[in-house]
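# Summary of structural features
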Amino acid sequence: MSACLAVVPAGRAPAPLPVSVTGPTLAQAATPAPSSAPQSGPVSGYMDFHVNQPTGATPGVIDFHRFVLLFYHRFSDRLRFVGELELEHAIVEGLEEGGELALEKAYIDYLLRSEINFRAGMILVPVGIINERHEPPVFHGVERPFVDTVIIPTTWFEAGAGIHGSAGRGFRYRIYAMAPLDATAFTAGEGLRDGAQHGSEAVVRNVAVTGRLEYVAVRGLQLGVSFWRGNTGFNVPTIHTTVGLYEFDARFTRGRLETRAQHARVFIGGAADLNAAITRNTGVNPNVAEQLQGTYLEAAYRILPSRFPHDAALFARYENFDTQFRMPAGYVKLPQFDRDAWVLGATYWLDPDVAIKFDYSHVRNKSTAVPAPRSINVGLGWWF
Amino acid sequence: MKRRLLRVAVVLACVALMAVSLRGHQDQPAPAKVVHVVAERFSFTPSEISIDAETRVELRISSEDTTHGFRLIGPGAINVEIPRRGRGEARVVVQIAEPGDYVFECSKLCGAGHGFMRGKLRVRAKAATP
C-alpha cells in the first residue's frame, strides 16, 4: 500500500502534496507501522457556564454548569478505554445539594469487526440526539432542550454491557443490557429523571435493554430510532412496574441551514400501583403518569460569510412536552405539566470549538395558577 | 570575488534542490478517483467507500465541527488529522494492492460518541483483463 497524507488549508488553491509517506504493501507488512500524525491526547473535555436571568423579580444566577474531562487510551487496535468525569455546578460538598461529581462514562471497547464490537462499563444510554452528543459547541441554546431534560433524562448513563457496529448500507446499531431505573424516584414534573441508578451499587434484580439504530449514509442527513425497556419496581417488590421509552430523531444540514427534530414517548406500566404504594409508604402521592411525551423542532441558519474567520447562527426551537400526557385511572392530570416552549437565540463561534450562546426561553403551561418560567440566558461553552 | 562565487554556487545549489523536489511531486501519478468524505461528530459520510485494488484514490476529508482524525487500521502508517470546520481538509492518497475490507476510524478524541466514528474501505479485486 502506498499512501500520501496532506492537510490543505481552506481558501488556498490545492498545492502538490507536501508530505509523502510510502508504507509497506499490505501483504508484506507484519506489524503496523507507528502512526505519524498525532493521536488523540490523553485528556480532552468540555465546559460550559452561563447566566440565567428569569424575567420578573426572581434573581438571576451565574453557574459554572459543567466541567468535564474525557480520557482515552488505546491498548491495541482492538482494545480501547474511554472515560468521562463530570463536575456539575462547580463544587461538591458533603451532604449538600448542588454540585455533583459523576463518572458518566468509563467503558472498554473490544473491536472485533466493523459489524460487531463489544462494550462494557459505564455507558451512555443511546437514546435521542443529545444524550450521546452534548458537547456545548454542537447544539444551539444555552441549556439543553426541555425534551432532553424531562422526557429523556440526559445525561443518562448506567452500568451495562452490549454490542455495537455497522449494519451495512449506512446503518449502524448499538444494543446494551443495563441496570434498570428505580420507579420510586419518578416524579410528576420531571418524569424519569431521578430514577437512574448511575451504576452506583445499582440493583439489578431485573435488567433493562436499550438500543439505537442510525442511518448516516447521506451527507447532511442523520436519522435515528431508539428505545429503552425494563422492569423498574425493584424497590417495591409487591408491584410490577415497567418503563418503555421510544424515540425517533432526525438531523438535516444543507449549506447554511441546520434542522433537527425529535419525538419521544414514555410508557410507565403499573403507574397506578406505583402511586398507591408510594403514597402508602410516604404519605405523599407522586402522581406519576402512565405516559409522558415530548417533541421538538429546531431550525438554525449560519449567517456569516465563509471567508469570515468566525461563524454565527440564528436559531429557533419549538418544544411541546407533557410529563402527564396520560394519567392512570383515578389520578388527576395537572395542567402545569402540560407545557410548550419557544427558545430563540444565537450561537457565535469564536472558533469551531468555542461557542458564545444567547437565547430567550419562553415556557408556557396550561395552568391558570402556576406561572411558567421565562428567562434570558447567556452562555459560554467550549471543547478541547 | 571568491565570496561572490561561493554565494552564487549556494544559490544555484538551492534552486537545483528545489527543482528536483518539485519534480518529485510532479512525478506522482494523479489519482484515478477522488472521494469527498465529511467527518462530523460522530460519523464519516460516506462511511463505506469502495475502491479498486491497485488504483490510486484520493480521499479529501473535511470536518463539519471539531478536529477529527482519519486512521486506516492495519498495516501501513495512515493517520492524519482532519482540521476543524472551515480550516481546510485532509488529503489521503491510497493505493492498495490486496482486496479486502479495511476499517478506518477517527483517531482524535472528539466527544462522547468518538468510539462510533468508524467506517469501511472496501478494496475490490481488479477485473481481469481479457
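Per chain, residue numbering runs from 1 following the sequence as it is written. Written order decides the labels, with chains lettered from A and ligands numbered from 1. Local features in a predicted model are, by the rule used here, given only for residues with pLDDT of at least 70; side-chain atom pairs are given and counted only at 80 or more, and totals for whole chains, interfaces and linings are based on all residues. Note that water and hydrogens are dropped before the side-chain values are worked out from all heavy atoms of the structure.

### With respect to the side chain of A:His164
Residues and elements named next belong to chain A.
- For helices the rule is a DSSP run of H or I covering at least 4 residues; for strands it is a run of E covering at least 2, with both sets numbered from the N terminus onward. Among the structural elements, His164 can be located in strand E8 (residues 157-168).
- In this scheme, a residue with accessible area under 20% of its type's maximum is buried, one over 50% is exposed, and one in between is partly exposed, where area comes from a 1.4 Å probe on protein chains only. What makes His164 buried here is its relative accessible area of 2%.
- Within the structure, the side chain of His164 is placed 3.0 Å from the side chain of Asp109, a separation counted as a polar contact. Any pair of nitrogen or oxygen atoms within 3.5 Å is treated as a polar contact; in protein, a donor-acceptor pairing is required on top of that, and neighbouring residues in sequence qualify only through side-chain atoms on both sides.

### Some words on the pairing of strand E1 (residues 33-40) of chain B
Residues and elements named next belong to chain B.
- At least two bridges found by DSSP between two strands are what make those strands a pair. Pairing of E1 with strand E4 (residues 57-63) involves seven bridges; the strand directions are parallel. Counterpart to Lys33 in the pairing with E4 is Val57.
- With three bridges joining them, E1 and strand E2 (residues 43-45) adopt antiparallel strand pairing. Paired with Val38 across the two strands is Thr45, which belongs to E2.
- Counting the residues that bridge the hairpin from E1 to E2 gives two residues.

### Comments concerning the environment of B:Arg7
- Its place among the elements puts B:Arg7 in helix H1 (residues 2-26).
- For the pair B:Arg7 and B:His68, spaced 61 residues apart in sequence, the C-alpha separation works out to 46 Å.

### Some thoughts on the layout of surface pockets
- Its boundaries defined by the atoms lining it, the second largest pocket holds a volume of some 1200 Å³.
- Lining the second largest pocket are 46 residues; nearest its centre among them are A:Arg302, A:Asp311, B:Ser63, B:Glu64 and B:Arg85.
- Of all the secondary-structure elements, those providing two or more residues to the lining of the second largest pocket are strand E12 (242-254), strand E13 (257-269), strand E14 (291-302) and strand E16 (338-351) of chain A together with E1 and E4 of chain B.
- Polar here means any residue outside two lists: the nonpolar Ala, Val, Leu, Ile, Met, Phe, Trp, Tyr, Cys and Pro, and the charged Asp, Glu, Lys and Arg; Gly therefore counts as polar. Split by residue class, the lining of the second largest pocket holds 14 nonpolar, 13 polar and 19 charged. As defined here, a cavity is a set of points on a 1 Å grid over the protein atoms alone where a 1.4 Å probe fits but cannot get out. A pocket is an open set with protein on both sides within 12 Å along at least five of seven lines, and residues line them when an atom is within 4 Å of a point. Grid points are joined across faces, edges and corners, and a volume is the space filled by probe spheres set on the points.

### Examining the environment of B:Leu72
- On the secondary structure map, B:Leu72 appears in strand E5 (residues 68-72).
- Residues B:Leu72 and B:Leu121 lie 49 residues apart in sequence; the distance between their C-alpha atoms is 8.5 Å.

### Remarks on the packing of aromatic side chains
All names here are of chain A.
- Between the rings of Phe, Tyr and Trp (Trp by its six-membered ring), a pair exists once the centres lie within 6.5 Å; its type follows the angle of the planes, with under 30 degrees stacked, over 60 edge-to-face, and the other angles tilted. Applying the stated criterion across every chain yields a total of 10 aromatic pairs over all chains.
- A centroid spacing of 5.7 Å and a plane angle of 10° characterise the contact between Phe49 and Phe64, whose relative ring orientation is stacked. Remark: Phe64 occurs in strand E4 (residues 61-74) and Phe49 occurs in strand E3 (residues 43-54); sequence separation between them is 15 residues.
- Phe49 sits in the partly exposed class, given a relative accessible area of 28%.
- Ring centres of Phe171 and Tyr215 lie 4.9 Å apart, and the angle between their planes is 50°; on these two criteria the pair is classed as tilted.

### Digging into unusual backbone geometry
Residues and elements named next belong to chain A.
- The peptide bond linking Thr154 to Thr155 adopts the cis configuration, its omega dihedral lying at -5°.
- Tracing the chain through its elements places Thr155 in the loop between helix H1 (147-151) and E8.
- Its identity as a non-glycine residue notwithstanding, Ala90 has a phi of 70°, on the positive side.
- Along the chain, Ala90 turns up in the loop between strand E5 (79-88) and strand E6 (100-113).
- Here the phi dihedral of His198 falls at roughly 55°; this positive angle occurs in a residue that is not glycine.
- Residue position: His198 is located in the loop between strand E9 (171-178) and strand E10 (208-215).

### Considering empty space enclosed by the protein
- The full count for this structure, using the stated rule, is eight cavities of 30 Å³ or more.
- Taken as a whole, the largest cavity spans an internal volume of roughly 220 Å³.
- Lining the largest cavity are 18 residues, and of these A:Gly165, A:Ser166, A:Arg172, B:Phe116 and B:Arg118 sit closest to its centre.
- For the lining of the largest cavity, the secondary-structure elements that each account for two or more residues are E8 and E9 of chain A together with strand E9 (118-124) of chain B.
- Each residue belonging to the lining of the largest cavity can be placed in one class, and the counts come to four nonpolar, nine polar and five charged.
- In this model, the second largest cavity occupies a volume close to 160 Å³.
- Around the second largest cavity sit 19 residues that line it, and A:Arg133, A:Arg174, A:Arg212, A:Glu214 and A:Arg251 are the ones nearest its centre.

### Observations concerning the nonpolar core
- The biggest cluster of nonpolar side chains holds 46 residues, and the ones touching the most others in it are A:Phe186, A:Trp228 and A:Ile268.
- Listing elements by their share of this core, those giving two or more residues are E4, H1, E9, E12, E13, helix H2 (271-282) and E14 of chain A.
- Looking at this core element by element, the count peaks at four residues for H2(A).
- The contacts of A:Trp228, once residues within four sequence positions are left out, are A:Val125, A:Val127, A:Trp156, A:Ala179, A:Pro180, A:Leu181, A:Ala208, A:Val209, A:Thr210, A:Val243, A:Gly244 and A:Leu245.
- Counting 27 residues, the second largest nonpolar core, distinct from the first, contains B:Val94, B:Ile96, B:Cys106 and B:Met117. Each nonpolar core is a collection of buried residues, namely Ala, Val, Leu, Ile, Met, Phe, Trp, Tyr and Cys, held together in the definition by side-chain atoms within 4.5 Å. Whether two residues are in contact is decided by their heavy atoms, any of which lying within 4.5 Å being enough.

### What to know about the sheet that holds strand E6 (residues 79-82) of chain B
Residues and elements named next belong to chain B.
- On the basis of which strands lie adjacent, the open sheet formed by five strands has the order E3-E9-E8-E5-E6 and mixed pairing. With partners counted over all chains shown, the strands left at the sheet margins are strand E3 (48-52) and E6, one partner each. Here the strands of the sheet are splayed against their neighbours by 25° on average, with no regard to which way each runs.
- Direction of pairing for E3 relative to E9: parallel, over a ladder of five bridges. Bridging across to E9, Asp52 finds its partner in Arg124. Helix axes use the C-alpha atoms of the stretch in contact, all axes being lines fitted to C-alpha atoms, and the angles between their N-to-C directions lie in the range 0 to 180 degrees.

### Some words on the pairing of E5(B)
Residue and element names in this part refer to chain B.
- Burial analysis of E5 places five of its five residues in the buried class, which makes it a mostly covered element.
- By the alternation rule, side chains of E5 split into His68, Phe70 and Leu72 and Gly69 and Arg71, which are all buried.
- By the bridge criterion, four bridges tie E5 to E6 in an arrangement that is antiparallel. Paired with Phe70 across the bridge in E6 is Val80.

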